[in-house]
Amino acid sequence: MDSNEIMQRRQKRLASAESSNNLPKINLNLSKEEMLTRLKNLIGLTCTTNTEKFHLLRRRDEFLSKLVNLDSKPGNNKFIKGTCQDMCPEKERYMRDVKKSLHFYECDSEGRIVHEKMVKDYSRSAADQDMPLPHELRPLEVLQSTMDYLIFNISSEIPTTKIELIRWCDFLWSRTRAIRKDITQQMLQSEMAVDLVEKCARLHIFSAFKLISLGTEHVNQEINSEMSSLNAASDHPAMAIAAYNTCSHTLRQMYDDLAKMQRSCLNEPEFRSYDIILNLTDFNVYSQVLSYRQSVRESKEVQLALNLASALQNNNYILFFRLVKNHATFLQVGICIVLFASLKINCRILVFKISTDSDFTKINRSVCK
């Protein structure tokens, strides 16, 4: 049997798998040598369509995952170092194209896939799911370039229509969540990893602020009638704040881990102040502040947040709004607006704080600082 005939038979097997839309299950009783042989047999296959490419890459990853499981020992949790050099892993790009799950921001004007615009989407981890392979995870420098792309190419183009705004927030929400998941799965602990999670948190605050302008009822109505394919929860301002709370929880753990190594983060006071502002009506917030490091506790950001909490809890609204007007940052005001909207309190008076500059200039300055 010559090489051409072998290639033709391989192509037929791949086409058969494509037509059934399911590849046969790998025999778990195969030895390591047999799996390596079958993995090598995939080399040289030519794919002409994205569907063929997806099935081939999926089969490759199935073999690799089984080989990793054979080599791993029970209780031996190894660190995974990502090697993917793209914003979106290759297999996911073809998979989402085949399954028609491309996002508006990842296509050209005719709805076709643009690989350079593809950004890894968030997916929930199943209980029986294999550990991710190194080429499915992005290293820290790629995560940083992905975040830069989201900030300067996506968040800078704030939509003007309501439906486009919902779609814009959905894209930022899912892609930043995927960045956080890559950081968690690789157990990255560094100042750069903290910086990435901080930027994710700032984008969630800004998204929640922008969605407030739509109103809760309008957001739900628009999603149900015209954009049912989107995740409605991610478009709701309250869910954007919930996403921020998840970021905040991750940040607190990272701050504590770095503190144990005698390393501090420059922006920790900023995010501690956000936590306080989100709990302005909670009297327990003062005891929580006592657990902060002295430098954080005495920072101007935390002190302002404490003064805001004190003014609100004592019904001193004049002092509260005066503090907001004269001292609060853009994102601190954004949290106040979202918080007050959730409490059914009319806080349109706060809008004057952001009326002197464009949204992009402020969010770009706030996110990237």
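Before going into details, it helps to say that this report is about the structure given with it. (Residues numbered from 1 in each chain as written. Predicted model: local features only at pLDDT ≥ 70, side-chain atom pairs only at ≥ 80, totals over all residues. Heavy atoms only, no water.)

### Some details on the overall build of the chain
For step 1, the next point in the chain: Regarding its fold elements, the chain presents 17 helices and zero strands.
For step 2, the next point in the chain: Taking all 369 residues of the chain together, 47% fall into the buried category.
For step 3, the next point in the chain: When contacts within the chain are restricted to residue pairs at least 6 apart in sequence, those whose partners lie at least 24 apart make up 77%.
For step 4, the next point in the chain: Surface accessibility of the chain: about 19800 Å² in total, with carbon and sulfur atoms responsible for 51%. (Helix = DSSP H or I, 4+ residues; strand = E, 2+ residues; numbered from the N terminus. Buried < 20%, exposed > 50% of the residue type's maximum accessible area, 1.4 Å probe, protein only. Contact = heavy atoms within 4.5 Å. Areas by Shrake-Rupley, 256 points an atom, 1.4 Å probe, with all protein chains shown as cover.)

### Points about helix α14 (residues 300-313)
For step 1, the next point in the chain: Given a rise of 1.5 Å per residue, 14 residues ought to cover 20 Å, and the 20 Å separating the end C-alpha atoms of α14 matches this to within 8%.
For step 2, the next point in the chain: For α14, the full list of buried residues reads Val302, Leu304, Ala305, Leu306, Leu308, Ala309, Ala311, Leu312 and Gln313.
For step 3, the next point in the chain: Asn315 sits one or two positions beyond α14 and adopts a positive phi of about 60°. (Expected span 1.5 Å × (residues − 1).)

### Some points on the side chain of Arg177
For step 1, the next point in the chain: For Arg177, the location among the structural elements is in helix α6 (residues 162-185).
For step 2, the next point in the chain: Among all residues touching Arg177, those that are not within four sequence positions of it are Tyr122 and Arg124.

### So, the pattern of salt bridges
For step 1, the next point in the chain: Scanning the model with the defined rule gives 20 salt bridges in all.
For step 2, the next point in the chain: In this structure, Arg293 engages Glu268 in a salt bridge whose closest nitrogen and oxygen atoms are separated by 2.6 Å. You can see Arg293 sitting in the loop between α12 (285-289) and α13 (294-297) and its partner Glu268 sitting in helix α11 (residues 268-277), a full 25 residues away along the chain.
For step 3, the next point in the chain: Exposure remark for Arg293: the relative accessible area of 32% places this residue in the partly exposed category. (Salt bridge = Lys/Arg side-chain N within 4 Å of Asp/Glu carboxyl O.)

### Observations concerning the packing of helix α7 (residues 191-212) against α11
For step 1, the next point in the chain: Axis separation between α7 and α11 bottoms out at 12 Å; the angle between their running directions is 35°. Considering how the two elements wind past one another, α7 and α11 form a crossing that is left-handed. Across from Glu198, Ala201, Arg202 and Ile205 in α7, the residues of α11 making contact are Glu268, Glu270, Phe271 and Tyr274.
For step 2, the next point in the chain: Taken together, the residues of the contact of α7 with α11 break down into four nonpolar, no polar and four charged. (Axes fitted to C-alpha atoms, helices over the stretch in contact; angles between N-to-C directions. Left-handed = near helix turned anticlockwise from the far one by under 90°. Nonpolar A, V, L, I, M, F, W, Y, C, P; charged D, E, K, R; others polar.)

### Focus on helix α4 (residues 90-98)
For step 1, the next point in the chain: Three or more residues of α4 are buried, namely Lys91, Glu92, Arg93, Tyr94, Arg96 and Asp97.
For step 2, the next point in the chain: Looking at the buried residues of α4, the elements they touch are α3 (50-71) and α6.
For step 3, the next point in the chain: Phi for Lys100, located one or two positions after α4, is positive at around 55°.

### A few points about the packing of aromatic side chains
For step 1, the next point in the chain: What the rule picks out here adds up to nine aromatic pairs.
For step 2, the next point in the chain: Taken together, a centroid distance of 5.2 Å and an interplanar angle of 80° make the contact between Phe104 and Tyr105 edge-to-face.
For step 3, the next point in the chain: With centroids separated by 5.9 Å and ring planes inclined at 80°, the aromatic side chains of Phe209 and Phe330 adopt a geometry described as edge-to-face. In this pair, Phe209 sits in helix α7 while Phe330 sits in helix α16 (residues 330-342), placing the two residues 121 residues apart along the sequence.
For step 4, the next point in the chain: Ring pairs connect the aromatic residues Trp168, Phe206, Phe209 and Phe330, which therefore count as one cluster.
For step 5, the next point in the chain: The ring of Tyr122 has Lys181 sitting right over it, with the charged end atom 5.5 Å from the ring centre. (Phe/Tyr/Trp six-rings, centres within 6.5 Å; stacked < 30°, edge-to-face > 60°. Lys NZ or Arg CZ within 6 Å of the ring centre and 35° of its normal.)

### With respect to unusual backbone geometry
For step 1, the next point in the chain: Phi is positive for Met187, which is not a glycine, with a value near 55°.
For step 2, the next point in the chain: The exposure class assigned to Met187 is exposed, which follows from its relative accessible area of 51%.
For step 3, the next point in the chain: Even without being glycine, Gln262 reaches a positive phi, approximately 60°.
For step 4, the next point in the chain: Relative to the elements of secondary structure, Gln262 occurs in the loop between α10 (237-260) and α11.
For step 5, the next point in the chain: By relative accessible area, Gln262 is classed as exposed at 72%.

### Some details on the environment of Arg202
For step 1, the next point in the chain: Residue position: Arg202 is located in helix α7.
For step 2, the next point in the chain: Along the backbone, Arg202 and Leu331 are 129 residues apart, and their C-alpha atoms lie at a distance of 7.5 Å.

Fair warning: the whole summary comes from geometry, so function is off the table for now.
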